[in-house]
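Residues per chain, in single letters:
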Amino acid sequence: VQLQASGGGGLVQAGGSLRLSCAASGLTFNRYSMAWFRQGPGKEREFVAAIEWSSSGTWYADSVKGRFTISRDNAKNTVYLQMNNLKVEDTGVYYCAAGTPINTSVRERSSYAYWGQGTQVTVSS
C-alpha cells in the first residue's frame with residue numbers, strides 16, 4: 001500500500017489557501033475511510049479531518065472547522081484537503097491515512113492502518 005501526499009512544500013502567507021492531495025495505490029480505495037493528520041513543531045500528531053468511503057460522512061477538528069474541507073474522488077483513488085484562511089498554527093507536516101474506523105474512533109491514530117510519508121505546510125505571518 002502506498003499513500004503519496006503532495007501539495008505542500010512551499011511557504012504560504014497567513015490567510016492564504018492550499019490544496020493537499022493524497023493518491024492511494026495497492027488497496028481497494030472505496031473500502032477505506034481516509035483522514036488527514038498533522039504534526040506541528042514539537043507537538044504530537046493530531047487529527048485534522050476524515051471522510052468515509054462514500055463521502056456521506058466527514059469529521060473535522062474544531063481548530064479547522066469552517067476553514068478546511070476534506071473530499072475524495074474514488075475514481076482517482078485520491079483524497080484532498082482544501083485549506084483556506086490558513087493560520088500560522090496550521091504549520092506542520094500533514095499526513096494522509098487510510099483505515100476502517102467506527103464513527104466514534106475516526107479521530108484516533110490507531111484507527112488507521114496505512115500512512116503516507118507527509119507533506120510540509122508552512123504558514124508565515
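Summarised in this report is the structure supplied together with it.

The rules behind these values
Residues numbered from 1 in each chain as written. Predicted model: local features only at pLDDT ≥ 70, side-chain atom pairs only at ≥ 80, totals over all residues. Heavy atoms only, no water. Helix = DSSP H or I, 4+ residues; strand = E, 2+ residues; numbered from the N terminus. Rg over C-alpha atoms; globule rule 2.2 N^0.38 Å. Buried < 20%, exposed > 50% of the residue type's maximum accessible area, 1.4 Å probe, protein only. Contact = heavy atoms within 4.5 Å. Polar contact = N/O pair within 3.5 Å; in protein donor to acceptor, adjacent residues only side chain to side chain. Pairing = 2+ DSSP bridges. Axes fitted to C-alpha atoms, helices over the stretch in contact; angles between N-to-C directions. Salt bridge = Lys/Arg side-chain N within 4 Å of Asp/Glu carboxyl O. Phe/Tyr/Trp six-rings, centres within 6.5 Å; stacked < 30°, edge-to-face > 60°.

Quick word on the overall build of the protein chain
Broken down by element type, the protein chain carries zero helices and 11 strands. Secondary structure of the protein chain in N-to-C order comes out as β-β-β-β-β-β-β-β-β-β-β. Its C-alpha atoms give the protein chain a radius of gyration of 13 Å, near enough to 14 Å, the size a compact globule of 125 residues would have. The principal-axis extent of the C-alpha atoms belonging to the protein chain is close to 40 × 25 × 25 Å. Within the protein chain, the fraction of its 125 residues that count as buried is 46%. Across the protein chain, every contact between residues at least 6 apart in sequence was considered, and the portion connecting residues at least 24 apart equals 58%.

A short note on the side chain of Thr 119
Along the polypeptide, Thr 119 turns up in strand 11 (residues 119-124). Here Gly 8 takes part through its backbone nitrogen, which lies 3.2 Å from a polar atom of the side chain of Thr 119. Apart from residues lying up to four places away in sequence, Thr 119 is in contact with Ala 5, Ser 6, Gly 7, Gly 8, Gly 9, Leu 20, Gly 92, Val 93 and Tyr 94.

Digging into the sheet that holds strand 7 (residues 68-73)
Ordered by their spatial adjacency, four strands build an open sheet running 1-3-8-7, and the pairing between neighbours is antiparallel. In this open sheet, the two strands that pair with only one neighbour each are strand 1 (2-6) and strand 7. Strand-to-strand twist in this sheet, taken as the mean axis angle between neighbours without regard to direction, amounts to 15°. Of the strand pairs in this sheet, strand 3 (residues 18-25) and strand 8 (residues 78-83) are connected by six bridges, and their pairing is antiparallel.

Focus on the pattern of salt bridges
Counted under the stated rule, the structure contains four salt bridges. Arg 38 is paired through a salt bridge with Glu 46; the nearest N and O atoms lie 2.7 Å apart. Residue Arg 38 is classed as buried on the basis of its relative accessible area, which comes to 5%. Here Asp 62 and Lys 65 are joined by a salt bridge, their closest N and O atoms 3.3 Å apart.

Regarding the packing of aromatic side chains
For the structure on display, the rule yields five aromatic pairs. With centroids separated by 6.5 Å and ring planes inclined at 75°, the aromatic side chains of Tyr 112 and Trp 115 adopt a geometry described as edge-to-face. Through a chain of ring-to-ring contacts, the aromatic side chains of Phe 37, Phe 47, Tyr 112 and Trp 115 assemble into a single cluster.

Topic: the environment of Ile 51
Inspection of the secondary structure assignment puts Ile 51 in strand 5 (residues 46-51). What makes Ile 51 buried here is its relative accessible area of 1%. The spatial distance from the C-alpha of Ile 51 to the C-alpha of Arg 38 is 16 Å, given a sequence separation of 13 residues. Not counting residues within four places of it along the chain, the set of residues in contact with Ile 51 comprises Ser 33, Met 34, Gly 57, Thr 58, Trp 59, Ile 70, Ser 71, Arg 72 and Val 79.

So far we have only geometry, and geometry alone does not tell us how the molecule works.
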